[in-house]
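Next come the chains, spelled out residue by residue.
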Amino acid sequence: MSKWSTRACSLPVTDAQPEAVAAWGRGHWGIENRLHWIRDVVFDEDRHQLSTCNGPETMAALRNLAISLIRLFLGPGVSIASTTRSLSRRPTQAINLLTQPTP
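The model shown is predicted, which means the values in this text are computed figures rather than measured ones.

1. Notes on the packing of helix H2 (residues 55-74) against helix H3 (residues 80-89)
Here's step 1: Viewed as axis vectors pointing N to C, H2 and H3 meet at an angle of 95°, and their least axial separation amounts to 11 Å. With respect to their mutual orientation, H2 and H3 come out roughly perpendicular. Taking contact as the criterion, the partners of Ile-67, Ile-70, Arg-71 and Leu-74 in H2 are, on H3, Ile-80, Thr-83 and Thr-84.
Here's step 2: Split by residue class, the contact of H2 with H3 holds four nonpolar, two polar and one charged.

2. Observations concerning the confidence of the model for the protein
Here's step 1: For the protein, the mean per-residue pLDDT works out to 79, and 80% of the residues sit at or above 70.
Here's step 2: Of all the helices and strands in the protein, helix H1 (residues 18-41) carries the lowest mean pLDDT, 74, while H3 carries the highest, 91.
Here's step 3: Across residues 1-8, where pLDDT falls below 50, the model places five contacts with residues more than four positions away in sequence or in other chains.

3. Examining a nonpolar patch on the surface
Here's step 1: The grouping of Leu-72, Phe-73, Leu-74 and Leu-98 at the surface amounts to a nonpolar patch, some 390 Å² of accessible area in total.
Here's step 2: Looking at which element gives the most residues to the nonpolar patch, the answer is H2, with three residues.
Here's step 3: Checked against the element boundaries, Leu-72 lands in helix H2.
Here's step 4: According to the relative accessible area criterion, Leu-72 is exposed, its value standing at 63%.

What counts, and where the lines are drawn
- Residues numbered from 1 in each chain as written.
- Predicted model: local features only at pLDDT ≥ 70, side-chain atom pairs only at ≥ 80, totals over all residues.
- Heavy atoms only, no water.
- Axes fitted to C-alpha atoms, helices over the stretch in contact; angles between N-to-C directions.
- Helix = DSSP H or I, 4+ residues; strand = E, 2+ residues; numbered from the N terminus.
- Parallel < 35°, antiparallel > 145°, perpendicular 65-115°, else oblique.
- Contact = heavy atoms within 4.5 Å.
- Nonpolar A, V, L, I, M, F, W, Y, C, P; charged D, E, K, R; others polar.
- pLDDT = per-residue confidence, 0-100.
- Patch = residues over 30% accessible without salt bridge, like charges linked within 9 Å, V, L, I, M, F, W, Y side chains within 5 Å.
- Areas by Shrake-Rupley, 256 points an atom, 1.4 Å probe, with all protein chains shown as cover.
- Salt bridge = Lys/Arg side-chain N within 4 Å of Asp/Glu carboxyl O.
- Buried < 20%, exposed > 50% of the residue type's maximum accessible area, 1.4 Å probe, protein only.

Rendered as structure tokens:
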């Protein structure tokens, strides 16, 4: 590991190794695809109208929590969109998922 590995933004272009630059780009897009894209598409976050006090931050935290809980309880490969639609039609199933004892 090079001495520059923790200084991704301040590293001079002439010192950047192509592999490191590619890894930083993949890491950024991995976060974008795993979380932000889901929040934008599934929860339509970009068109949300809430803009009072801490409302936007609170709703973003709740959306992140919902995504994390779905992945935790149902596995990382599950469709967030279809699971959200399914649980919204059956709120008691969502409550059961949250309150059931773990095996």
